[in-house]
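Here is how the chains run, residue by residue.
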Amino acid sequence: MATANGAKVDPDTLQVLQDTANRLRIHSIRATCASNSGHPTSCCSAAEIMAVLFFHTMRYKQTDPEHPDNDRFVLSKGHAAPILYAVWVEAGRICESDLLNLRKIHCDLEGHPTPRLSFVDVATGSLGQGLGAACGMAYTGKYFDKASYRVFCLMGDGEASEGSIWEALAFASHYSLDNLVAVFDVNRLGQSGAAPLGHCTDIYEKRCQAFGWNTYSVDGHDVEALCQAFWKATQVKNKPTALIAKTFKGRGIPSIEDAENWHGKPMPKESADGIVKLIESQIRTGKHLTPKPPVEDSPRISICNIEMTSAPAYRLGDKVATREACGLALAKLGHTHKRVIVLDGDTKNSTFSEIFRKEHPERFIECFIAEQNMVSVALGCAVRGRTVAFVSTFAAFLTRAFDQIRMGAISRANINFIGSHCGVSIGEDGPSQMALEDLAMFRSVPSCTVFYPSDAISTEHAIYLAASTKGMCFIRTSRPKTTVIYTSQDSFVIGQAKVIRQSAEDKMTVVGAGVTLHEALLAADKLSQQGIFIRVIDPFTIKPLDAATIIRSAKATGGHIITVEDHYREGGIGEAVCAAISREPDIVVRQLAVTEVPRSGKPSELLDMYGVSARHIVAAVRDILSK
C-alpha cells in the first residue's frame, strides 16, 4: 500500500502499471498496422507515462470524460494519438476492435486527436501548441473555477524547438499555475533525425528552471519513479512542474528501439505478430486499475443565452472609434455575464480592453507580447464551456497566430477575436501595424463569423452577437473616430446587411464597411449634389455575407456594384461580393482596395493615396456611368 507520504506505491500496483504500459504498446502497434500508417514508435516511448497518468495519478470519471471536475489531459505530441485511444480502451470507453479502424474515414479515431471524441478537449498535431492550451485550462481551474482539478500536458522533445512552447512556459510561471504539469517525452529522435538536444535531459531541466518551473528529471520507463514525481508535483505551490522524462523511441521493439528513420512508420506486417508476442511475454498480470474519482468542487455554470440587457447609449452623430466602442461593450457584457473573460497582448490601452480590465480585473488575462500563446490560452479557457473568451489585439498581430487559430477551428472552439488598427486608416504608424490581410485570413477559417461594424452601435451589437455565436468570431475594429449612423432602436442580425442610403433613382450600389462605409456615404453626398444617386450598403458581417440584399440592390441599380475596402484586394470584401454574385451574369463588380504595400501618413491622405477614399468612389461611379 501507499505510505503516509503518498509517494510510495506497492509492488503489485507497480506491476499492473507496467503491464498496462505494455498493453498500450500492443494496442498502438496493432492499430497502426491495421491502418498501415501512424506513429507506433512515438507511442511506445510514452507508454509508461500514459499508464501512470491515467491509471494512477489523474482523477476522472471513466464514464464521463467531459465532466467539469475531471483532471484534464492534453496530448501535445498529437501524432501519438493511438496510445491515447489505447488508454481509453483500457478505461473501457472504446472497444478494442475499434482500434483496428484507426484513420479510416468512417471512424472518429483520426490520425491526430480531435474533439470528435468526448475525451479530447483540443485538437493537436500541429506541434508546439498543446502546452498553451493546457495553460488556459489550468488558469481557468485556478482563477475562475477555483477548483481542484489538475492539468497534464505530454509533449515531444522535437516540438520543444517551437517558440510557442517557451511562450507558454513563461505564461505558466508568471501566473503561478501550480495545478499544471508538463511532461517532456525526451526520446531523442524527431521526424527526420535526432532532436537538437538528444538525450541531454539536464539542459531541458535547466531551461525549464530558468523559466521559473519546478522540475524533476526521471526515467520515463520507470513507473515507480513516474508515480513519485507526479505525486511530488502535487505538493509544490505557486510553481508549475515539468517532468523531463528520458525515454526511447520504439521502446520494447527489438532493432527498432532508439533507431532512426522509424518515425511515422507502422511495424512491418510480417514482423508485427512476433513483436506483439514478445511484449505480451513481459505482461505478468491480467489486472486493470480503476482511476480515482475527481473532487467535485467546480461551480456549475451556463454560458448560454447571453443577451443585451440594455440598448446602446450612443446618439446619432456622436464620433466614436469602433475600437473604443468595443472596449466599452466588453465591459458592459462583463456585467451581464460573469463568465466573460478578455485576453490581451499588451495592447490594452490601444484596443481599449483596459476598460474591461478596470471594471473586471479578475477576468482579464494579460498575455503580454506572445500572440501565439494568447490564442492557445484562450482555447484552453474556452473548452468544456467554462468561459466566454474574447481575444483582443491589433489585427495585424493575429496573423502570426494563424496556425493556432486554425487549430482552434479544428478544436470546434468558441473563441471571439477582436482585431483593431485595421487598414491604412491607422495612419502614421505605417504598414507593419496595418492589418490588410485579416479578412482573408478569418474568412478562410471554417465556421468563423466575420463582423465588420461601422459605428459604435453596430460594434456593441457585434460583441453581444459574438458572445452567443457558436464557433469562432472575428470582429474588425478601426482606429479613427467615425460617426454614429444607427439608432439605439436598430437591430442587427448575423448575415443581414443594412441598406444605409437608397432611392428609386439609384444608378449604382456601393458596398463598404468600417471607415470605407463612411467614405461611401460622403461620396453619395457629393454625387447627389450632381444629380447622381447611389445605393450604399453596410454588410455588417462579411461572413456570412448577405448576398440576397446585395444582388437585389445591384439589379435595382443597373447591375453595377462598387466595393470599397481598407484591405488588400485578395480575400476581402470585394472577393466576397464577387463570389456571392458569381451566378448572376448581368451584375458587374468593380473593386476598390489597397493594391500595394502602403506607407506612413495621415489617415485621410492614405485612404486617398491607396484608392479607397470618397474621391475615388466618386470617380469610379462617374467612370462606370460614362461607358
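About the cut-offs
Residues numbered from 1 in each chain as written. Predicted model: local features only at pLDDT ≥ 70, side-chain atom pairs only at ≥ 80, totals over all residues. Heavy atoms only, no water. Buried < 20%, exposed > 50% of the residue type's maximum accessible area, 1.4 Å probe, protein only. Helix = DSSP H or I, 4+ residues; strand = E, 2+ residues; numbered from the N terminus. Pairing = 2+ DSSP bridges. Right-handed = clockwise from strand over helix to strand, strands pointing away. UniProt positions renumbered as here; feature names shortened; annotations may be inferred. Axes fitted to C-alpha atoms, helices over the stretch in contact; angles between N-to-C directions. Contact = heavy atoms within 4.5 Å. Core = buried A, V, L, I, M, F, W, Y, C linked by side-chain atoms within 4.5 Å. Salt bridge = Lys/Arg side-chain N within 4 Å of Asp/Glu carboxyl O.

> Hey, could you run me through the pairing of strand 11 (residues 448-451) in this one?
Successive side chains on a regular strand alternate, one facing one side of the sheet and the next facing the other. The two faces of strand 11 match: C448 and V450 on one face and T449 and F451 on the other face are all buried. Both strand 11 and strand 12 (residues 472-476) contribute to a ladder of four bridges, which runs parallel. Counted as the bridge partner of V450 is F474 from strand 12. You can see the chain leave strand 11, run along helix 17 (residues 456-467) and come back into strand 12, and the turn it takes is right-handed. In this sheet, strand 17 (residues 541-543) lies alongside strand 11 in antiparallel orientation, the contact comprising two bridges. Its bridge partner lying in strand 17, V450 is registered against K543.

> Which parts of the structure should I look at to understand the UniProt feature "domain: Transketolase-like pyrimidine-binding" (unreviewed entry) in the protein chain?
Sites flagged by UniProt as "domain: Transketolase-like pyrimidine-binding" (unreviewed entry) map to residues 320-484. Counting secondary structure, residues 320-484 comes out at 41% helix and 21% strand; the distance between its end C-alpha atoms is 7 Å.

> Would you explain the sheet that holds strand 2 (residues 151-156) in this entry?
Within a sheet, each strand pairs with its neighbour through backbone hydrogen bonds, oriented either parallel or antiparallel. The parallel open sheet is built from five strands, whose spatial order is 1-2-3-5-4. Looking at which strands have only one partner, the edges of the open sheet turn out to be strand 1 (72-75) and strand 4 (214-219). In this sheet, neighbouring strand axes are inclined to one another by 20° on average, regardless of whether the strands run parallel or antiparallel. With six bridges joining them, strand 3 (residues 180-186) and strand 5 (residues 241-246) adopt parallel strand pairing. Paired with V183 across the strands is L243, a residue of strand 5. Packing of helix 8 (residues 223-234) onto the sheet brings it into contact with strand 2, strand 3, strand 4 and strand 5, and relative to strand 4 it is tilted by some 170°.

> For this particular structure, what's the right way to read the nonpolar core?
In a soluble, globular protein the nonpolar side chains are often hidden away together inside. In this structure, L131, L180, L343 and F417 are the most contacted members of the largest nonpolar core, which totals 83 residues. Ranked by residues supplied to this core, first place goes to helix 5 (residues 130-144) with eight residues. Not counting residues up to four positions away in its chain, the partners in contact with F417 are V375, V391, L398, I405, F442, M472, C473, F474 and I475. By size, the runner-up hydrophobic cluster in this structure holds 53 residues, among which are L53, Y60, C107 and A229.

> Where do I start with the pattern of salt bridges in this structure?
Once the charged atoms of two side chains with opposite charge are near each other, the side chains can pair. One pass over the structure, following the stated rule, counts 27 salt bridges. A salt bridge links R384 to D121; the shortest N-O distance between them is 2.9 Å. Placement of the pair is R384 in the loop between helix 13 (371-382) and strand 9 (388-394) and D121 in the loop between helix 4 (81-90) and helix 5, with a sequence separation of 263 residues. R384 sits in the partly exposed class, given a relative accessible area of 23%. The buried category is assigned to D121, whose relative accessible area is 12%. Note that E362 is salt-bridged to R363, the shortest N-O span being 3.4 Å. Each of R30, E96 and E280 takes part in a single network of salt bridges with overlapping partners.

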